[in-house]
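Notes for the structure review
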Amino acid sequence: MQAPAIASLLRREMDNIIHGRDNNGLVIFVKGEPGIGKSDVVKQVAQSIAKDMKLSFHEVGQPAPEDESGKSITSDKLFGFGDLRAPLLDVTDLRGIPYVLNGMAIWGVPMFLPKSNRDGEFGILFCDELSAAPPPVQTNFYQLFLNKRIGEYNFPKRWMIVAAGNRDTDRAVTYRMSTALTSRIITVTFDVSYEAWREWALLHSIHPFVLAYHEWQKGKKLHVFDPVSTKTDVNFPCPRTWEFVSKILYGGFDEAFKGATKSTGEHNQVMGELIAGAVGTGASVEFHGFLRLMDKLPNLVKIRDGTFNENSVPKETNIQYAMVAALSSMIEEKDEVEQINNLFRFSYLLQPELAVLMCRLIRVGHQKALSRSKEFFTFMDKYQKLVAP
C-alpha cells in the first residue's frame, strides 16, 4: 500500500473508534523498508485528525499545549499522540514499577502510556520499530494489543494503536515476530510512491534542487535499496536521506550554485562529502553532477527580472530542469510578486511538464504571494489539469 492508502486506512479505523463502531480497535502494523516515511505518515494522520476535530495536538509525556492566554489546554480539548519506541523498552518497562499501598503491591503506570483524563479522550498510540524490540519485550505487547490493557491499566476506549517496523530481509536490526504477536495485529506493507512523496515534499518545502533532480529522473532515484548489496557502513537513497540533502542545501551549502555563479573546488568537495554521507557515493555523484549544470545556465538574473526570449531556453533537457530549480530559488522578497509574474511569463516558453514543475516549486516558498500574482491565475487557466492536485 502506498502512503495515501495507508493514511486513509488509519483515518477510517480512527473514525470507527471515535464513533463507537469498533470498541476494541484493530492494531495496524505498518511494515516496510528503512527510511521510506512510515513514522511520518502515522504522525501526520494524527495531526490531520486533530485539526479536523478542532482539537490541539498533544504528545504524551510532554506538557499540555497552552492557549493564547498562556493557560494549559484542558484534556477535553486535546488529541493525544504517544510515540513509543519499542527497542528502548526494558522487559519490565511496559508493565510499570511496583510499589506498596495499604499492604498491597500496586503497579505504577508508565508516563508514556496514555490516560484520557490527562492526554485527551481521543488519540493514537504509535508503537514504532516494533520488530526491532527483543522477543521478551515484544511479548509485553500481547495483552495491550489484544485486550487493550496491561495488568490493572486500561487503554483509553477512544484511542487507536498503530505499530510500525522493518522487514526481516532489510538488514535492519530486527527480531522475528512470533505468531502469537502477528495474530494480534493487521499487517500492511508500505510501498514507496514517487507521486505521493512529491506531494509531501511540496508541502514540507523540500529544496527546489532536490525536487527538480527527481522530476528529471522521473522518481527513479528516490529510493534505491538493495539489502543484499548495500554495505552496512554506506548510506543509500531513500525519502529520509533525500530530506537530509534538502537540509544540507538549506544550511547554506547551495550558495555557490544559485544564479549564474561558478562553484569552487573546495565547496564542491565539502558538498560532495556531505551528500555522500546522506545518500551514498553513487547517488551523490549523480546529484552533484546535476548541481554542476548550474554553470551552464544562461543569465538567470535577467530572466527573473523579465528580460528573456526563446533563445533563453537551453536546448538540453537536463539543463532546463536545473534552470527551473535555480530560478524558483532566486525570488527575492522585496520584488516577490513582480518576479513571480516574470517567471510565469517565462514558463510559457517551456515544455508543459517543466512549466508545471516551475509552478510547483514556486508554491513551495511563495504560497501567499501567488494570490497577488495575475500571471499565476493566467497560468492556472492554461495548466490547471496538469497542476492538480
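Residues numbered from 1 in each chain as written. Predicted model: local features only at pLDDT ≥ 70, side-chain atom pairs only at ≥ 80, totals over all residues. Heavy atoms only, no water.

A word on the packing of aromatic side chains
Scanning the model with the defined rule gives 18 aromatic pairs in all. Arranged with centres 5.6 Å apart and planes meeting at 65 degrees, the rings of Tyr-213 and Phe-290 form a pair that is edge-to-face. Separated by 77 residues along the polypeptide, Tyr-213 in helix α8 (residues 208–216) and Phe-290 in helix α11 (residues 281–292) bring together distant segments of the chain. As far as the burial class goes, Tyr-213 and Phe-290 line up, both buried. Through pairs of rings, three or more aromatic residues link up here, namely Phe-344, Tyr-348, Phe-376, Phe-377, Phe-379 and Tyr-383. One cation-aromatic arrangement involves Arg-95 over Trp-107; the distance from NZ or CZ to the ring centre is 4.2 Å. (Phe/Tyr/Trp six-rings, centres within 6.5 Å; stacked < 30°, edge-to-face > 60°. Helix = DSSP H or I, 4+ residues; strand = E, 2+ residues; numbered from the N terminus. Buried < 20%, exposed > 50% of the residue type's maximum accessible area, 1.4 Å probe, protein only. Lys NZ or Arg CZ within 6 Å of the ring centre and 35° of its normal.)

Here we look at the sheet that holds strand β2 (residues 56–59)
Here we have 6 strands laid out as an open sheet, ordered β2-β3-β6-β9-β1-β10, and parallel in their pairing. Strand pairing shows two members of the sheet lacking a second neighbour, β2 and β10 (186–189), which therefore form its edges. Each strand of the sheet is rotated relative to its neighbour by a mean of 20 degrees, with strand direction disregarded. Note that strand β6 (residues 122–128) and strand β9 (residues 159–165) share 5 bridges and pair parallel. Along β9, the bridge assignment pairs Leu-125 with Ile-161. With respect to the sheet, helix α1 (residues 3–18) is in contact with β1 (28–31), β3 (78–85), β6, β9 and β10, its orientation differing from that of β9 by roughly 155 degrees. (Pairing = 2+ DSSP bridges. Axes fitted to C-alpha atoms, helices over the stretch in contact; angles between N-to-C directions. Contact = heavy atoms within 4.5 Å.)

What to know about the side chain of Ser-312
Inspection of the secondary structure assignment puts Ser-312 in the loop between α12 (300–304) and α13 (317–328). By relative accessible area, Ser-312 is classed as buried at 12%. Not counting residues within four places of it along the chain, the set of residues in contact with Ser-312 comprises Pro-298, Ile-303, Met-323 and Phe-346.

Quick look at the environment of Val-45
Position of Val-45 relative to the elements: it lies in helix α2 (residues 38–52). Residue Val-45 is classed as buried on the basis of its relative accessible area of 5%.

Points about the side chain of His-223
Relative to the helices and strands, His-223 is located in the loop between α8 and α9 (239–253). Within the local environment of His-223, its side chain forms a polar contact with the side chain of Glu-33, the two groups lying 2.3 Å apart. Aside from chain neighbours lying at most four places away, what touches His-223 is Glu-33, Pro-34, Ile-36, Val-192, Phe-236, Pro-237, Cys-238 and Pro-239. (Polar contact = N/O pair within 3.5 Å; in protein donor to acceptor, adjacent residues only side chain to side chain.)

Here we look at the nonpolar core
Within the largest apolar cluster, 62 residues are counted, with the highest numbers of intra-cluster contacts made by Trp-197, Trp-242, Val-245 and Phe-287. If one sorts the elements of this core by residue count, helix α15 (residues 352–365) sits on top with 9 residues. Not counting residues up to four positions away in its chain, the partners in contact with Trp-197 are Ile-206, Val-210, Leu-211, His-214, Leu-222 and Pro-239. Of all hydrophobic cores here, the second largest spans 29 residues; its members include Ala-7, Ile-18, Ala-50 and Ala-164. (Core = buried A, V, L, I, M, F, W, Y, C linked by side-chain atoms within 4.5 Å.)

Quick word on the confidence of the model for the protein
Residues at a pLDDT of 70 or more form 92% of the protein, whose mean pLDDT is 87. Contacts of residues 256–264 to residues separated by more than four positions or lying in other chains number 24 contacts, the stretch itself having pLDDT below 50. (pLDDT = per-residue confidence, 0-100.)

So, the pairing of strand β4 (residues 97–101)
In the sheet, β4 pairs with strand β5 (residues 104–108) via 5 bridges, with the strands oriented antiparallel. Considered in β5, the bridge of Tyr-99 is made with Ile-106.

So, the packing of helix α14 (residues 336–347) against helix α17 (residues 374–387)
At a minimum axis separation of 8 Å, α14 and α17 run at an interaxial angle of 30 degrees. Between α14 and α17, the interaxial angle falls into the category roughly parallel. As α14 packs across α17, the resulting crossing turns out to be left-handed. In contact with Asn-341, Phe-344, Arg-345 and Ser-347 of α14, α17 contributes Lys-374, Glu-375, Phe-376 and Phe-379. (Parallel < 35°, antiparallel > 145°, perpendicular 65-115°, else oblique. Left-handed = near helix turned anticlockwise from the far one by under 90°.)

A few points about the environment of Pro-63
Positionally, Pro-63 belongs in the loop between β2 and β3. The exposure class assigned to Pro-63 is exposed, which follows from its relative accessible area of 68%. Taking the C-alpha atoms as reference, Pro-63 lies 9.7 Å from Ile-73; in sequence the two are 10 residues apart.

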